[in-house]
Amino acid sequence: MPDEQIAVWGIGTPRTLRAHWILAEFGIDYDCHPITSRSGETMTPEFLALNPKHKIPVLQHGGNVLTESAAIVTYVSEAFAAPPDFHVPTDAVDRAKLNEWCFFIMTELDALSLYVIRKHQDLHAIYGEAPGAIEAAKNNFSDLTGALFDGAGGNQEFLLPEGLSVADILLTTCIQSAQRRGIEMPGYLVEFNDRMSRRPALQKALAINNPG
């Protein structure tokens, strides 16, 4: 199954970046369909047959179709041979520790903070202006980042002591989104993002995800 054709649908968002990044970390060749959100391209019959939720990214691996960026990066990490510096849990306890961070990042930081800001700031013409909700979301993001690294003050290079994992990919894209919106965060998270941004795989993924 790892040898079957792979394709990613979607570019231009932090969530699509995650799919391109994990494939670059694993050195996997794939086809890219560079469609963007809110362009009408996710509403075509061809795309809706893949994802009726009309959201990007979408991963095709042979006959398998996956949506949701966190599910995609987790699937790639488990379906393919991981590089030596990439941590993939092999037992239930380690997997639960990884999932704990992933669920926290995707719910508290991504959905409940960053997406609220995007809806009522970037997309206010669609969802309406809500300055109070934006301010609360920014404060929520800043407050919750104190839980990251278990208060280690950045002494730990990655979220898990075993090394780079899908949780770091999810977190980095959230930090970058927060920085673009001027959200305050601890210096050790800025340093974490700087380290991650120097990874060749992320730089390759950014070039694909944000052409031009």
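Keep in mind that this is a model prediction, so the values were computed, not measured. (Residues numbered from 1 in each chain as written. Predicted model: local features only at pLDDT ≥ 70, side-chain atom pairs only at ≥ 80, totals over all residues. Heavy atoms only, no water.)

## Considering helix H4 (residues 92-122)
Item 1. Here H4 spans only 40 Å end to end across 31 residues, well under the 45 Å set by a 1.5 Å rise per residue.
Item 2. Along its length, H4 reaches its greatest deviation from straightness, about 40°, at aspartate 110.
Item 3. Leu98, Trp101, Cys102, Phe104, Ile105, Met106, Leu109, Asp110, Ser113, Leu114, Ile117 and His120 are the residues of H4 that are buried.
Item 4. Of the residues flanking the start of H4, the one acting as N-cap is aspartate 91, its side-chain oxygen 3.0 Å from the backbone nitrogen of valine 93. (Helix = DSSP H or I, 4+ residues; strand = E, 2+ residues; numbered from the N terminus. Expected span 1.5 Å × (residues − 1). Bend = angle between axes of the 7 residues up to and from the residue. Buried < 20%, exposed > 50% of the residue type's maximum accessible area, 1.4 Å probe, protein only. Polar contact = N/O pair within 3.5 Å; in protein donor to acceptor, adjacent residues only side chain to side chain.)

## So, the packing of H4 against helix H6 (residues 131-144)
Between two packed helices, both the angle of their axes relative to each other and the distance between the axes serve to describe the pair.
Item 1. At their nearest, the axes of H4 and H6 sit 9 Å apart, and the two run at 155° to each other. The pairing of H4 with H6 is recorded here as roughly antiparallel in orientation. By crossing handedness, the relation of H4 to H6 is classed as left-handed. Where H4 approaches H6, its residues Phe104, Glu108, Leu109, Leu112, Ser113, Leu114, Val116, Ile117, His120 and Gln121 are matched on the opposing element by Ala133, Ile134, Ala137, Lys138, Asn140, Phe141 and Leu144.
Item 2. Considering only residue class, the contact of H4 with H6 consists of eleven nonpolar, four polar and two charged. (Axes fitted to C-alpha atoms, helices over the stretch in contact; angles between N-to-C directions. Parallel < 35°, antiparallel > 145°, perpendicular 65-115°, else oblique. Left-handed = near helix turned anticlockwise from the far one by under 90°. Contact = heavy atoms within 4.5 Å. Nonpolar A, V, L, I, M, F, W, Y, C, P; charged D, E, K, R; others polar.)

## Considerations on the environment of glycine 27
Item 1. Topologically, glycine 27 is positioned in the loop between helix H1 (14-25) and strand E2 (31-33).
Item 2. In the structure, glycine 27 is positioned 174 residues away from alanine 201 in sequence and 8.4 Å away in space, judged by C-alpha atoms.

## So, the layout of surface pockets
Item 1. Of the volumes computed, that of the largest pocket is approximately 730 Å³.
Item 2. Thr13, Arg15, Ile56, Tyr115 and Arg118 are the residues nearest the centre of the largest pocket, which is lined by 29 residues in total.
Item 3. Among the secondary structure elements, those contributing two or more residues to the lining of the largest pocket are H1, H4 and helix H7 (166-180).
Item 4. By residue number, the principal contributor to the lining of the largest pocket is H4, which donates six residues.
Item 5. Of the residues belonging to the lining of the largest pocket, the class tally is eight nonpolar, eleven polar and ten charged. (1 Å grid on protein atoms, 1.4 Å probe; cavity = no way out; pocket = protein on both sides within 12 Å on 5 of 7 lines; lining within 4 Å. Points joined across faces, edges and corners; volume = space filled by probe spheres on them.)

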